[in-house]
Amino acid sequence: MLYRLRHLTAYAYRNPVGFARCSLRLAPAAGEGQAPLSHEVVVEPAPRAATERGDFFGNRTVSFTVETPHREFRIDARSRVRIARPPLPDPGTGPAWEAVRDGVLGGASLAPEAALHFCAPSRRVPLLPEVTDYARASFPAGGGAYAGAFDLMRRIRADFTFDAEATEVGTPLAQAFAGRRGVCQDFSHVMIAALRGLGLPAAYVSGYLRTLPPPGQPRLEGADASHAWVAVWCGEGGWVGLDPTNGIGVRDDHIVVARGRDYADVAPVAGIIAGSGAQSLRVAVDVVPEDEDEP
Amino acid sequence: MSAAATGEALAEAGAAGAARADGPAQRLARWTAGYAPLPGLPDELVAGDGALRPAWDRFLRRLAGLPECEIAARLAAAGRHIHDTGIAYRAYGEATERDWPIGALPLLIEGAEWEAIAAGVAQRAELLEAVLTDLYGDGALARAGLLPAAAAAGDPEFLRPLVGVAPPGGRHLHFYAADLARGPDGAWRVLADRTQAPSGAGHALENRLVMARALPEVYGALDVERVASFFQAFRDGLAAAASRQDPRIGLMSSGPYSDTYVEQAVLARYLGFALVEGDDLLARDGLVYIRTVAGLKRVDVLWRRIDGDFVDPLELNPASRLGAPGLVEALRAGAVAMGNMPGTGLVESAWLAASLPALCERLLGESLRLPGLPTWWCGDPGQREAVMARFDALAFRPAAAPAQGAFTSRAFGEGRDAAETERLRAVLRDRPGDLVAHEPVRLSTAPVWDGTRLVPRPFVLRVFAAATPEGWRVMPGGFCRISETPEGRPVAMGAGVRAADVWVLSSGSTEAQASLLPPSDRVAVRRVPGLLPSRAADNLFWLGRHLERAEAVIRLTVCLLDGAGAVSTAAEDRATSARLRALLHAWGAVPAVEGTAAALAHHALSDGGRWGSALSHALSARRNAASLRERLSGEAWRALSALLAVLEAPAEGPDSEAVLLDRAERALSLTASLAGLAQENMNRAGGFAFVDMGRRVERAVNACRFALDFGAAGASTDDLGVLLDLVDSRISYGARYILGVALAPVRDMVLLDPYNPRSLAFQVERLAERLAGLPALRPDGVAEAPARLVAGLSGEIAGAEAATLPLDTVAAWETRLWTIAEAIGARYFPGGSDAARPETLTTLA
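This one's a predicted model, so the numbers in the text were calculated from it and none came from an experiment.

(A) Local environment of the overall build of chain A. Helix and strand content of chain A: seven helices and 15 strands. Taking 2.2 N^0.38 as the reference for a compact globule, 295 residues should give roughly 19 Å; the C-alpha atoms of chain A span a radius of gyration of 19 Å, in line with that estimate. Across its three principal axes, chain A shows a C-alpha extent of roughly 60 × 45 × 40 Å. Of the contacts made within chain A by residues no fewer than 6 positions apart, 74% connect residues no fewer than 24 positions apart.

(B) Representation of the interface of chain A and chain B. With 46 residues of chain A at the interface, the matching set in chain B holds 35 residues. For the side of chain A that touches chain B, the elements supplying multiple residues, two or more each, are β1 (2–17), β2 (19–24), β5 (60–66), α1 (97–105), α5 (184–197), α6 (263–266), β14 (269–274) and β15 (279–289) of chain A. No other element matches β14(A), which puts six residues into the side of chain A that touches chain B.

(C) Fine view of the domain arrangement of chain A. All names here are of chain A. Entries for chain A in the domain assignment read domain 1 (2–84 + 267–293) and domain 2 (97–265). Placing the centre of domain 1 and that of domain 2 at their C-alpha centroids yields a distance of 24 Å. The partner domain 2 presents 19 residues to the 25 residues of domain 1 that form the contact. Broken down by secondary-structure element, the contributors of at least two residues to the side of domain 1 that touches domain 2 are β1, β6 (70–83) and β15. Broken down by element, the residue count for the side of domain 1 that touches domain 2 peaks at six residues, all from β15. Partitioned by chemical class, the residues of the side of domain 1 that touches domain 2 number 18 nonpolar, four polar and three charged.

(D) Representation of the packing of helix α23 (residues 688–710) of chain B against helix α26 (residues 743–752) of chain B. Residues and elements named next belong to chain B. Close contact between α23 and α26 brings their axes to 9 Å; oriented N to C, the two are set at 160 degrees. In terms of their interaxial angle, α23 and α26 are classed as roughly antiparallel. When the axes of α23 and α26 are compared, the crossing they make is left-handed. Contacts from Ala-703, Phe-706 and Ala-707 of α23 reach α26 at Arg-747, Val-750 and Leu-751. Class assignment of the residues belonging to the contact of α23 with α26 gives a composition of five nonpolar, no polar and one charged.

(E) Representation of the domain arrangement of chain B within the structure. Residues and elements named next belong to chain B. By the assigned domains, chain B splits into domain 1 (532–682) and domain 2 (689–835). For domain 1 versus domain 2, the separation of C-alpha centres amounts to 21 Å. Counting from both sides, the interface comprises 26 residues of domain 1 and, opposite them, 23 residues of domain 2. Looking at the side of domain 1 that touches domain 2, the elements with two or more residues in it are α17 (534–565) and α18 (571–586). In terms of residues, the side of domain 1 that touches domain 2 owes the most to one element, α17, which gives 17 residues. Grouping the amino acids of the side of domain 1 that touches domain 2 by side-chain chemistry returns 14 nonpolar, three polar and nine charged.

(F) Region of the structure containing the sheet that holds strand β11 (residues 239–243) of chain A. All names here are of chain A. Judged by pairing direction, the sheet is antiparallel, and its five strands sit side by side in the order β12-β11-β10-β9-β13 without closing on themselves. Strands at the two margins of the open sheet, each flanked by one partner only, are β12 (248–249) and β13 (254–260). When strand β9 (residues 202–209) meets β13, the two strands line up antiparallel, connected through six bridges. The residue bridging Tyr-208 from the neighbouring strand is Ile-255, located in β13.

(G) Up close: the nonpolar core. Counting 345 residues, the largest nonpolar core has A:Met191, A:Val230 and B:Leu723 as its most contacted members. Ranked by the residues each element gives to this core, the list is headed by α17(B), at 16 residues. Those residues in contact with B:Leu723 that lie beyond four places of it in its chain are B:Phe706, B:Ala707, B:Phe710, B:Gly711, B:Val746 and B:Val750.

(H) Examining the sheet that holds strand β3 (residues 34–44) of chain A more closely. Residue and element names in this part refer to chain A. The antiparallel open sheet is built from four strands, whose spatial order is β3-β6-β1-β15. If you trace the sheet from one side to the other, it starts and ends with β3 and β15, each paired once. Averaged over neighbouring strand pairs, the angle between their axes works out to 10 degrees when direction is ignored. Both β1 and β15 contribute to a ladder of eleven bridges, which runs antiparallel. Paired with Leu-5 across the strands is Val-287, a residue of β15.

(I) Spatial organisation of the pairing of β2(A). Most of β2(A) is tucked away: six of the six residues are buried. Side chains of β2(A) alternate between two faces, with A:Phe19, A:Arg21 and A:Ser23 and A:Ala20, A:Cys22 and A:Leu24 buried alike.

(J) Focus on the confidence of the model for chain B. Residue and element names in this part refer to chain B. Across chain B, the average pLDDT comes to 84, with 85% of residues at 70 or higher. Counting contacts from residues 1–20, a segment whose pLDDT is below 50, to residues more than four positions away or on other chains yields 34 contacts. Low pLDDT, under 50, characterises residues 405–413; the predicted model gives this stretch 29 contacts beyond four residues in sequence or across chains. Scored by ipTM, the complex comes to 0.95, with pTM at 0.86.

(K) Layout of the pairing of strand β17 (residues 454–468) of chain B. Burial of β17(B) is extensive: 13 of the 15 residues sit out of reach of the surface. Where strand β16 (residues 445–449) of chain B folds back onto β17(B) in an antiparallel hairpin, the turn is made up of four residues, including B:Gly451, whose phi is positive at roughly 110 degrees.

(L) Just the packing of α23(B) against helix α29 (residues 807–828) of chain B, in detail. Residues and elements named next belong to chain B. With their axes 9 Å apart at the nearest point, α23 and α29 run at an angle of 160 degrees to one another. Between α23 and α29, the crossing angle belongs to the class labelled roughly antiparallel. The two elements α23 and α29 cross, and the hand of that crossing is left-handed. Side by side, α23 and α29 meet where Met-693, Val-697, Ala-700, Val-701, Cys-704, Arg-705, Ala-707 and Leu-708 of the first sit next to Leu-807, Val-810, Ala-811, Trp-813, Glu-814, Leu-817, Ile-820, Ala-821 and Ile-824 of the second. Across the contact of α23 with α29, the residue classes break down as 15 nonpolar, no polar and two charged.

(M) Representation of the environment of B:Leu271 within the structure. Residues and elements named next belong to chain B. Turning to its location among the elements, Leu-271 is positioned in helix α11 (residues 261–271). In this structure Leu-271 comes out as partly exposed when scored by C-beta crowding, with 19 C-beta atoms within 10 Å. If near-sequence neighbours (up to four positions away) are discounted, Leu-271 is found in contact with Phe-231 and Arg-235.

(N) Molecular detail of helix α21 (residues 634–647) of chain B. All names here are of chain B. Along its 14 residues, α21 runs 20 Å from first to last C-alpha, staying within 8% of the 20 Å computed at 1.5 Å per residue. Those residues of α21 that sit buried are Ala-636, Ala-639, Leu-640, Leu-643, Val-646 and Leu-647. Burial along α21 is one-sided: seen end-on, the buried residues are contained in an arc of 125 degrees.

(O) Examining the environment of A:His227 more closely. Secondary-structure assignment places A:His227 in strand β10 (residues 227–233). Sequence separation between A:His227 and A:Arg21 is 206 residues, and the spatial gap between their C-alpha atoms is 24 Å.

Calculation rules
The numbers attached to residues start from 1 for each chain and follow its sequence in the written order. Numbering of ligands from 1 and lettering of chains from A proceed in the order in which they are written. Given that the model is predicted, a residue must reach a pLDDT of at least 70 before its local features are reported, and side-chain atom pairs must reach 80 or more before they are shown or counted; all residues, however, enter totals for whole chains, interfaces and linings. In this text, helices come from DSSP runs of H or I with a minimum length of four residues, and strands from runs of E with a minimum of two, each type numbered from the N-terminal end. A radius of gyration in this sense is built from C-alpha atoms; the matching globule rule multiplies 2.2 Å by the number of residues raised to 0.38. Contact between residues is assigned whenever the C-beta positions, reconstructed from backbone atoms, fall within 7 Å. Residue ranges for the domains trace back to a domain assignment, done automatically or taken from a database. Gly is put with the polar residues, along with every residue not named as nonpolar or charged; the nonpolar set is Ala, Val, Leu, Ile, Met, Phe, Trp, Tyr, Cys and Pro, and the charged set is Asp, Glu, Lys and Arg. Angular values range over 0 to 180 degrees, each being the angle between N-to-C directions of two axes fitted as lines to C-alpha atoms, with helices fitted over their stretch in contact. In these notes the angle categories are as follows: under 35 degrees is roughly parallel, over 145 is roughly antiparallel, 65 to 115 is roughly perpendicular, and the rest is oblique. By definition, any crossing whose near helix is turned counterclockwise from its far helix by less than a right angle is left-handed, and any crossing with a clockwise turn is right-handed. Two strands form a pair only when DSSP identifies at least two bridges running between them. To count as a nonpolar core, a set of buried Ala, Val, Leu, Ile, Met, Phe, Trp, Tyr and Cys residues must be joined through C-beta atoms within 7 Å. Exposed residues have 12 or fewer other C-beta atoms within 10 Å of their own C-beta, buried residues have 20 or more, and partly exposed residues fall in between, where C-beta atoms are placed from the backbone. Per-residue confidence from the predictor is reported as pLDDT, a score between 0 and 100. Helix span, expected: 1.5 Å multiplied by one less than the number of residues in the helix. For this quantity, the arc is that covered by the directions from the helix axis to the C-beta atoms.

Given below as structure tokens:
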């Protein structure tokens, strides 16, 4: 599948802002069935100096400062990417979840790709006894790690309500869990906390969904904004992407941008501005299969 | 022989030697009688055989040369010094500072024993540096199985943005501390490593100054190692991390609301570092600057006293209000050195303790000189098995928390009940890697003076080490915390804990150098010292304004009380009183204009619930002063505390007018002495200009306001009398004009007379002088906005004439003064035009 995608972020400030320092994680990742073809970002006002590097987990990160006083700040990212992922594993296969847990605890590598980076509580994902207990039903003794994670995803999809009004970007996990509602970020954080509570590694993945579904299929939640889901470590089965917001495994409709321990590691746009007064934010995301667009 | 027996023997010797009933020997006997160490635990005063240890014997014989009342008086003076200079400590979560409770006696350590401690502490510092280099480098130790990778990766102090960053200056750790206690066998053990941002060195310094002053003859006779050269070495070590000669060093503070802020201020002043907060710093174009009143000044080295995770809200904790965005990028670029590097807190964690002995063998090729508590990481199946076999005998702690927190009262899982045991077992089942188990701690004891005799109390000793180009240097001394209850648990600072100085008794000759003054050939003379951060200037300005406003409120109150005391009930007098009441009400000092003079005066002086009361302004002044501790003299802090004490005086029944008047007058004499202290003691090039400008602006505004309210056409004699009192000029007026008060002369004296130090004209001239003395940013020599505005106002005042001066003009001047205050703020303060408070950008996922 070949996608053309555009992610526009625009801030409007009531009072002029004289200084901003930002970092962006907007470029589609390479590997695991993804091949980025192009990526460009236009920032207005023009940044003073921009640097690009990979963060600890290898996500492409662009950092810059803006020192031109401004009331509107636009980040316009355009990319093209080809996706061809293998089919999802059979839920009946793979090692038992206890073996996966013990294997990670005994790991000896601190390299960025090591699963043990994704086991501990993190800034946005505290471990809560009620969330761990929620997970237990999916992980009977000796059950498969992947089968358990898939079941957990389905249960979250069934038990939780997608509700863009219920939470905002800073809502604590405990609140989203107690209310059983939220957006993709909350669904993903809950699932990650549930898995980590049992000692299983789980990563937060930020990215996009295709905006319009293929003919005859329902439109997915989270298609008109940036999206997030979970990658679960399944031992020798490797990382498997699961989208608890939609209750599906990750294949060619999902475009991976960045992977981290939680939202705080991969926020698409993070920044500090020197300014006072209100700000408003507009985000627009378009993910279009390229052949669809051609006459 | 027991301690008591020793004492008796000495007492007999004393009795035989002299007929005096109470000589040194009797005192010594009395102090040590009945001294009984806790069973099974070593004690500093008496050895296992019950004899006094030699160092303590020497010390106590000297001390016993002083009568008890003398000792008590000197220790009380030491306590007062601590109180007066504000060397205070604030327990976490407490709003107010408490005095640092100093223990009466120092902890004594013999030179030979100290050498072993120092070597052990230096070895640990070196070892931890090597471990950090690996963990933030290529991770070979984890691959070799020498430390548990899962525990390191799960530690919140493993700061991933710092992985692969070569620390500028070549090292992660510049300052290290270890908390020590004696084990049951008498050998020293490390309870905790402090690698994050160790505190307490400033208290060690202050304790030393106080104790050496309180007991000079004992201190002098014992050949105590000096600590000053350690601080010199620490400063040299930080400076060596910079890439420039004569670098600028900042102490990156956790701010006035943190529990160790006062200590940070003490150290910044002592070491000559700029005390800065995150808002003072700007990372830009690959360099880091301090925002000062003279523009951006490059900073080369930051001594970090905030947690590493808070250093940079962009790359680290987004919730941090203490850091500065871009600092991690600056570290990556080598633009600034930081001691300690962010992320060094990682090696404080308990999980590492289990691996340290093997790491020491591997990395340094020697065994650990100062071992920690025997510890097991429960994430390892073999270690977990050993732990479960002794489950009930061991204490448990979170693996990613400091090893044995001397600042926690109790180890998690020690003395646990059934519910806690159940929680512990659940964690061991689901996530065993989150826990370590260790042998429980019982602290050994040291003697404490309880007023009449010595008693054994548990203690923890903190020892400090600094990295220097010549290797690790250990402070010969330290910071000792002593529990006031005879329980052997680790000691948290807070209620029930005393601090003690630590005297290392020299085995050789003591260094002569007692002050921090470096040899003169190493420091260039500089007349304009250091730099003034914009935030500090802001606080100084508001300190001046709040003090002046407090004084004005008190003067209004005095006038109100004076008028009430007069027998006159003339309409004129009531009108004057009404004006006073209206102004106090407009200023937010009283709840209503009606009421007895005494009731209103009580509100105006002492009602902390009124934002405009003298007390509220004095409290605001103290808040400003609290952020300026390294710049304020002890005398100034003391006078400010005294002012608050006078204003806060509790009402014993309804205050009479006489009591209130007395309170007001005492408060006025304190505001006067504060003004005098600023005038006499503050460096003209540093903060004084801003305190003075704050005072002048406020006083000028008040002069206008008083003239408008009490000096209108047709003002009564009472009005004019009050006006003269409010600007404290009745005596000058009387000396100049014999014929009594008249409108034009009074107005002239209040507004236009450039020789009256209370007049508007005088304030504006001083403002012009202060502004002229401040650094200019414009390279073209054109005056900056505040100076231009002041010059304009000054010209108008000089051209005005009292007899023909319209009140509208005075009102316009008052408005102009507010504009001037705003212009000063915009030019010099961080809230100014181009540096508003940062906000965070966020987007929804």
